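One-letter residues, chain by chain:
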Amino acid sequence: MSSHSFTNLLYHVVFSTKERQPWLDEDMRPRVFAYLGGLVRGVEGIALLVNGMPDHVHILAKLRQDQALSDVVRHIKANSSGWIHRTFPALEHFAWQTGYGAFSVSQSQVEKVRAYIENQEAHHRRRPFQKEFIALLKAHNLPFREEELWD
C-alpha cells in the first residue's frame, strides 16, 4: 500500500442461515460471532461488531482496499461453516444462505449502524429477518425480486 493512499472502507454485511433455519442458538452465538470477527481479522480487516439472531448475522467491519468484498465474505462464510460443523457436531446440516447483503457505511453513520446491530434482539421482536433485509435493500435503493431472495 502506498503511503499516499488513505481509505476508510466500512461495510455492514448481512447474511442468513440456509432457509433461515434458527441454527444459531443463544449459547453458541457468542462463540460464532467471536469466530466471525477472527475471520475478519484474518484478512487484515477490523471487525467493529458482530451480532445477530438464530437465523442471521450482521457484521460491521473495516476492510482493506486490496481485498474484494466478495472474496472476504466468501472466506468468512466458508471457514465459519466448516468451523461450526467441527465445533457443533449436531449441526451437520448447517449452511449459510448462498448470497448476502453488503452496504457501505459512512464514518458519520458508524454509531447508528453499531446501535442497530447491537439491538438485534429488541429489533426482531417487532420485525422478522425477511422484512428487515427487504427494508435494508430499499433503504439502499437496490433492486430485487423477492422470490429470488430466499435460497
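Residues numbered from 1 in each chain as written. Predicted model: local features only at pLDDT ≥ 70, side-chain atom pairs only at ≥ 80, totals over all residues. Heavy atoms only, no water.

1. As for the overall build of the chain
Point 1. Across its full length, the chain holds five helices and four strands.
Point 2. Moving toward the C terminus, one meets the helices and strands of the chain in the order β-α-β-β-α-β-α-α-α.
Point 3. Over its C-alpha trace the chain gives a radius of gyration of 15 Å, about what one expects of a compact globule, namely 15 Å for 151 residues.
Point 4. In terms of overall dimensions, the chain has C-alpha extents of about 50 × 35 × 30 Å along its principal axes.
Point 5. Every one of the 151 residues in the chain was classed for burial, and the buried ones make up 41%.
Point 6. Contacts in the chain between residues at least 24 apart in sequence constitute 69% of all its contacts with a sequence separation of at least 6.
Point 7. If you sum the accessible surface of the chain, you get close to 8600 Å²; carbon and sulfur atoms cover 50% of it.
Point 8. Each charge sign in the chain was given a centre, from 18 positive and 17 negative side chains, and these centres are 4 Å apart. (Helix = DSSP H or I, 4+ residues; strand = E, 2+ residues; numbered from the N terminus. Rg over C-alpha atoms; globule rule 2.2 N^0.38 Å. Buried < 20%, exposed > 50% of the residue type's maximum accessible area, 1.4 Å probe, protein only. Contact = heavy atoms within 4.5 Å. Areas by Shrake-Rupley, 256 points an atom, 1.4 Å probe, with all protein chains shown as cover. Lys, Arg positive; Asp, Glu negative; His and termini not counted. Charge placed at Lys NZ, Arg CZ, Asp CG, Glu CD.)

2. Re a positive patch on the surface
Point 1. Taken together, the side chains of R125, R126, R127 and K131 present a region of like positive charge at the surface.
Point 2. Among the secondary structure elements, R127 is positioned in the loop between α4 (120-126) and α5 (129-139).
Point 3. Looking at R127, the relative accessible area reads 31%, which means it is partly exposed. (Patch = residues over 30% accessible without salt bridge, like charges linked within 9 Å, V, L, I, M, F, W, Y side chains within 5 Å. Salt bridge = Lys/Arg side-chain N within 4 Å of Asp/Glu carboxyl O.)

Just distances and angles here, no functional claims.
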